[in-house]
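So the chains spell out like this:
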Amino acid sequence: MRLPVRDIWEARVQGLCGVVCAGEELWLCGNYGQASLDPPRVVINPNRLYPIEAAIREQGRFALCVLGASQREEARRIAQVRRREPDKAGAAGVRVATDETHGVPYLTGCPRVLFCDLEQALSTGDHTVMLGRIREIRNDASRAGERPLHYRDLARIAGLPDWLQRALSALWLRSGMREAVYRLRLRRGGPPAADLQRNTYLIGGHTETELLVSQGYGLVDRSRRLKPPEAPAGLRRRIGVCIAGTGAWGAMHCAFFRQASSLVDLYICGGNTVRTRRLAQVYGAAGVFSSLDEALADSRIEAVSLVLPHHVHATAACKALEAGRHVLVEKPIATTLEDAGRMIETAERAGKVLAVAENAHFRPAVAEAVRAIARGDIGEPLYLEVRAGTPVLLDGWKADASRMGGGVFLDIGIHYVRAMRLLMGEPDRVWATRAMTVNARISGDDSTRVIFASEAGWQAHLLLSWVSPSGGVPDITVAGDRGLIALWPQRAYYDYYPAEPPALARALSLVRPAWLAEKLRTPNAGRIRRQVPGVDPAGYLAEVRDFLDAIATGRQTSSPGMEGRRDLELVLAGYRALETGVWTPIP
């Protein structure tokens, strides 16, 4: 049966799969072709929204790496990678090397690589036709005879295993079902409209004006500079650690260090003698001290963990660093940027580790979500939304904004500022507002909404409260143009909602009558729950182990003082926006 094609994808213009590499970019190409034999030339047609087009123009050369049939999964990962991701090779899990002869990057492990010079670039609307003159064709002898990978082999139905998809595809093509569906369509509505140009545009094309709008946010999003930490190695020598502070969170630090490694010799320092000795008994501490000066005078102490009121962080940390001790300080690093800077300078002079206890940096679900975003699971990230906090009654220094450094935004929000930096990137402006003050006993904010924004095109909305419950909802969601990720506190998983629902959800939508389909469908029908590794979903143990590993190996901690200072800088900018009521620029 002959039917008019409706768009270029139905016309099967895609052929063999190749990966085009130039500069720091790589791009999966399914419609390259031979342009001439003498001299040998190849033609490619990159989309102008992808940074590969600009990279080829800038470099004046590129490599076309022909993929073999066994590289289907690599091709899928490369095709899926976020369009504006700066490290596409890392996100796709492939290796790119630079050829010394041609000075061109190429994908390793391909049966054939064509090294080309850009000879001509022709504007053809939202794509550019690029003619490359082949300088060298390099074959991998070990893969001789392997058939190339066809673009049609990449087709995949979300949620279906490959073997089932191949079986269904064979059934569709060989049983006559496809022709039967076409005949039914002809009987019911006549031949499909054969407006190739319009249909192709509606599915995936762009006008020049639309291109300018999209390109205005940048072809590469470099706003994210902070990365999730690597798993630290196990501690291999004894380290004496003193916990300074015996409040509720000081007791938690005692538990974290005790669980972190049996090689930690634990000491506890606190002004309340009775409580200090009780904690020492519970956690098997090797000794107790009544003051920080007393602890720092003991040669058994190599590191201190400061769990003290915010306004004394800088004084205590500098004293410990000057005494030659490594320091882990609870968030926030300090209450002013000047104090934070003094702590960082002191650590550098002393040659000691200054780490900030920011567990959001070590939440395994956050790290997995960062990788999912980079590999393109949700497309381009647009919004991060946070809802966090719970009704609490505060007194003492926590109720005093001058000693606390602020209110709920500083105390809880700083965790999510770090999560935002990992998941989205560095913002360049902030706006904030707050509802009525409910707890008049505290001088800081008790309910605040903050919006961070980036010129790269994303926003982060943080709703934080000490007076309103957050309810049974995720504390972080990240929405993109191809899906959504939801992260839950204290959970060893995250939820993924692809824009294209899984096979089960699509099947339920076909159930008739419609009321039965509605009854069968649930909000979780389109959810894919992904488990994350480890037994520390909150990240507290990981932050302690990272600190100990940095001391033992001499490496930089994953959460150094400079990153804690940046978190504080963003929070203080938010407070300035709260005072002025206008968008406030961020350095």
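None of these values were measured; they are calculated from a predicted model.

Caption draft 1: Quick peek at the sheet that holds strand E23 (residues 528–531). Spatial strand order, E23-E22-E21-E20-E16-E19-E18-E17-E24: 9 strands in an open sheet with mixed pairing. In this open sheet, the two strands that pair with only one neighbour each are E23 and strand E24 (584–585). Here 4 bridges tie strand E22 (residues 493–498) to E23, and the two strands are oriented antiparallel to one another. Its bridge partner lying in E23, Asp 495 is registered against Arg 529. In this fold helix H20 (residues 561–580) packs onto strand E17 (429–434), strand E18 (447–453) and E24, with an angle of close to 55° to the strand it touches most, E17.

Caption draft 2: Seen up close, the side chain of Ser 36. You can see Ser 36 is positioned in strand E3 (residues 33–37). For Ser 36, the side chain forms a polar contact with the main-chain oxygen of Pro 39, separated by 2.6 Å.

Caption draft 3: Looking closely at a nonpolar patch on the surface. Among the surface-exposed residues, Leu 168, Leu 171 and Met 177 lie close enough to one another that they form a single nonpolar patch of about 250 Å² accessible area. Structurally, Leu 168 is set in helix H4 (residues 162–174).

Caption draft 4: Summary view of the sheet that holds strand E15 (residues 354–357). Taken in spatial order, the 6 strands of this open sheet run E12-E11-E10-E13-E14-E15, and their pairing is parallel. Looking at which strands have only one partner, the edges of the open sheet turn out to be strand E12 (287–289) and E15. Taking the axes of each pair of neighbouring strands and ignoring which way they run, one obtains an average angle of 25° across the sheet. Here strand E14 (residues 326–330) runs beside E15; their pairing, made up of 4 bridges, is parallel. When the sheet's bridge partners are listed, Val 329 is paired in E15 with Val 356. Against the sheet, helix H11 (residues 313–322) makes contact with strand E13 (303–306) and E14, and its axis sits at roughly 165° relative to E14, the strand it touches most. Against the sheet, helix H19 (residues 540–553) engages strand E10 (239–244), strand E11 (264–269), E13, E14 and E15, with an angle of about 160° to E14.

Caption draft 5: Quick peek at the packing of aromatic side chains. Taken as a whole and assessed by the stated rule, the structure comprises 7 aromatic pairs. Geometrically, the ring pair formed by Phe 257 and Phe 547 is edge-to-face, given 6.5 Å between the ring centres and 85° between the ring planes. With Phe 257 in helix H8 (residues 248–260) and Phe 547 in helix H19, this residue pair connects regions lying 290 residues apart in the sequence. Under the relative-accessibility criterion, Phe 257 is labelled buried at 0%. For the pair Tyr 267 and Phe 289, a centre-to-centre distance of 6.1 Å together with 35° between the ring planes defines the contact as tilted. Pair noted here: Tyr 267 is in strand E11 and Phe 289 is in strand E12, with a separation of 22 residues, a long-range link. For Tyr 267, a relative accessible area of 4% puts it in the buried group. The class of Phe 289 is buried, set by a relative accessible area of 7%.

Caption draft 6: Highlighting the side chain of Arg 418. With respect to the helices and strands, the residue Arg 418 is situated in helix H16 (residues 413–423). The exposure class assigned to Arg 418 is buried, which follows from its relative accessible area of 0%. Beyond its immediate sequence surroundings of up to four residues, Arg 418 is in contact with Leu 226, Glu 358, His 361, Ser 559, Glu 563, Gly 564 and Asp 567.

Caption draft 7: Here's a closer look at the environment of Glu 569. Along the chain, the position of Glu 569 falls in helix H20. Those residues in contact with Glu 569 that lie beyond four places of it in its chain are Leu 337 and Pro 587. Within polar-contact distance, the side chain of Glu 569 engages the side chain of Arg 566 at 2.8 Å.

Caption draft 8: Up close: the nonpolar core. Residues Leu 423, Phe 452 and Leu 462 are the most contacted members of the largest nonpolar core, which totals 79 residues. Excluding residues that lie within four positions of it along the chain, Leu 462 makes contacts with Leu 384, Val 386, Phe 409, Gly 413, Tyr 416, Val 417, Thr 448, Arg 449, Val 450 and Phe 452. Formed by 28 residues, the second largest nonpolar core is a distinct cluster that contains Ile 239, Val 264, Leu 541 and Ile 551.

Conventions and cut-offs
- Residues numbered from 1 in each chain as written.
- Predicted model: local features only at pLDDT ≥ 70, side-chain atom pairs only at ≥ 80, totals over all residues.
- Heavy atoms only, no water.
- Pairing = 2+ DSSP bridges.
- Helix = DSSP H or I, 4+ residues; strand = E, 2+ residues; numbered from the N terminus.
- Contact = heavy atoms within 4.5 Å.
- Axes fitted to C-alpha atoms, helices over the stretch in contact; angles between N-to-C directions.
- Polar contact = N/O pair within 3.5 Å; in protein donor to acceptor, adjacent residues only side chain to side chain.
- Patch = residues over 30% accessible without salt bridge, like charges linked within 9 Å, V, L, I, M, F, W, Y side chains within 5 Å.
- Areas by Shrake-Rupley, 256 points an atom, 1.4 Å probe, with all protein chains shown as cover.
- Salt bridge = Lys/Arg side-chain N within 4 Å of Asp/Glu carboxyl O.
- Phe/Tyr/Trp six-rings, centres within 6.5 Å; stacked < 30°, edge-to-face > 60°.
- Buried < 20%, exposed > 50% of the residue type's maximum accessible area, 1.4 Å probe, protein only.
- Core = buried A, V, L, I, M, F, W, Y, C linked by side-chain atoms within 4.5 Å.

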